[in-house]
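Residue-level structural notes
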Amino acid sequence: MTAITKQVVQKAIDEYIAGLQPSLRELNLKIHGNPELAYKEYQAHDVLCEFLESQGIPTDRHAYGLKTAFESRVGDPAGRCVNFNAEYDALPGIGHACGHNLIATASVTAFLALAFAIQRFNLPGQAQLLGTPAEEEGGGKIDLIRAGAYEKADVSLMMHPISDEELTTHNILGIAGQASISCYDITAVYHGHSAHAAVSPWEGINALDAVVAAYNNISMLRQQLRPDERVHGAILQAPSITNAIPELTRTRYTIRSRTMERTRQLGTRVRQCLEAGALATGCKIELEEDQIYGDLVVNPPLCKGFAECMEDQGVTVLATHEDLMAGSTDQGNVSQIMPALHAVVGIPVSNGAKNHTRDFTAAAAGDKAHRRTVLAGKAMAMTGWRILVDEEFYQDVKGAFSVTKGVSL
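Going by what an unreviewed UniProt entry lists, the protein is known as Peptidase M20 domain-containing protein 2 and is assigned to Aspergillus oryzae.

Below, the structure written as structure tokens:
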């Protein structure tokens, strides 16, 4: 096909997205102003679908058996497919303290921009936008992987906001590629037997003792953990009276390690600590283990390509960074099955507060955060354009994945 220069495509995308700016800002604020928890993002789902449909984009609501997932596709399915993931779940009590309203805005911007370029320049290939619920808890992308949502995608792109104070000391505003660790949750419910705590305590089986014993077991386990491993938990249900032997308690622990396999191994040790609490007290135990979030596999050529596209937007982004991110994401699972980007982009936070704080929630609604998010979205679109039209670039990305990919699902 006739070569179309990067500059021509970039200019067309810039002009197109400039016309959408008021609508994108409104979309961002609607999601931010109504935070919803994992798998319950009903309004965010509807608002996003309505916006896409208003732009003439066919949208499959409640996609792949998930009530708050959606999918849009534009282009020729015979060519390569570039996926963008929109997250939009919030945190209990503190709203969009991880900036998922910005993630949704960036991915919508990227998808619409690439879809526009595909149609305007008759490009080969396809753009896919997935609405991916429950990143904070549950793993919506893992559900979507298992339902086949990513089967036609060749590359997956998304960004995540962080405080720019973590970056500006290095004269950058983002990192395109930084590996994350794997994690999952185990919930334990202890069933004891109630009895009068003063008259006949010997007739009871103490569920509070079970959860305390498990807590102590895990606390002792921590001294044997690797430097990149974490186990942290909370007691979710405890007795509220003192004159009866507690008959029911509930606790949850998050297990984090470098890879999915090591997370499974550490999870086995934590599970034994929980089971020991039941064994020691005579309680019955119910265990529920969540889906494992995979470690994020960095793809250097893809990250370099995104960093170059961000530079074109006037934003300096480091291509890769060797330090591990302490957090986890279900985009890690996507990166286990295809080349994937999970770039972090800095936004201004008044006191430099990190994600999962009220200060970050406030910052995620800011004008400057929105503007940087849109720039990142346009850079993702241009990275996607290269995937579709630049064979050498795509083969580099594909080759790097075959070398560096982690353990598959």
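This part is about the pattern of salt bridges. Summed over all chains, the structure comprises 22 salt bridges. Ionic pairing is found between Arg262 and Asp228, a salt bridge with its closest N-O pair at 2.6 Å. Linking Arg262 in helix α7 (residues 260–281) with Asp228 in the loop between α6 (207–221) and β8 (230–237), this pair joins segments that are 34 residues apart in sequence. For Arg262, a relative accessible area of 18% gives the class buried. Here Asp228 falls in the partly exposed class, since its relative accessible area comes to 22%. Asp390 serves as the salt-bridge partner of Arg386, at 3.3 Å between the closest nitrogen and oxygen. The buried category is assigned to Arg386, whose relative accessible area is 17%. Three or more residues are tied together by salt bridges with common partners; here these are Arg226, Asp228, Glu229 and Arg262.

Here we come to the environment of Glu311. If you trace the backbone, Glu311 turns up in helix α8 (residues 300–312). It is 22 Å that separates the C-alpha atoms of Glu311 and Ala400, two residues lying 89 residues apart in sequence.

We note that the domain assignment places domain 1 (4–179 + 294–405) and domain 2 (181–287) within the protein. Its C-alpha centre places domain 1 at a distance of 37 Å from the equivalent point of domain 2. Taken together, the contact between domain 1 and domain 2 spans 11 residues of the former and nine residues of the latter. Both faces combined, the contact of domain 1 with domain 2 buries some 800 Å², and carbon together with sulfur accounts for 50% of it. Taken as a group, Asp295, Leu324 and Ser328 account for 55% of the area that domain 1 buries against domain 2, more than any other trio of residues on that side.

One open sheet holds the four strands; their spatial order is β8-β9-β7-β10, and the pairing between them is antiparallel. The open sheet terminates on both sides in strands that have one partner only, identified here as β8 and β10 (284–289). Looking at each pair of strands side by side, their axes are set apart by 20° on average, direction ignored. Relative to β10, strand β7 (residues 182–191) runs antiparallel, the two sharing six bridges. In the strand pairing of β10, Val189 is matched with Glu286. Along the sheet, α7 makes contact with β7, β8, β9 (248–257) and β10, crossing β7 at roughly 15°.

Parameters and conventions
Residues numbered from 1 in each chain as written. Predicted model: local features only at pLDDT ≥ 70, side-chain atom pairs only at ≥ 80, totals over all residues. Heavy atoms only, no water. Salt bridge = Lys/Arg side-chain N within 4 Å of Asp/Glu carboxyl O. Helix = DSSP H or I, 4+ residues; strand = E, 2+ residues; numbered from the N terminus. Buried < 20%, exposed > 50% of the residue type's maximum accessible area, 1.4 Å probe, protein only. Domains from an automatic or database assignment. Contact = heavy atoms within 4.5 Å. Buried area = accessible area lost by both parts, 1.4 Å probe. Pairing = 2+ DSSP bridges. Axes fitted to C-alpha atoms, helices over the stretch in contact; angles between N-to-C directions.

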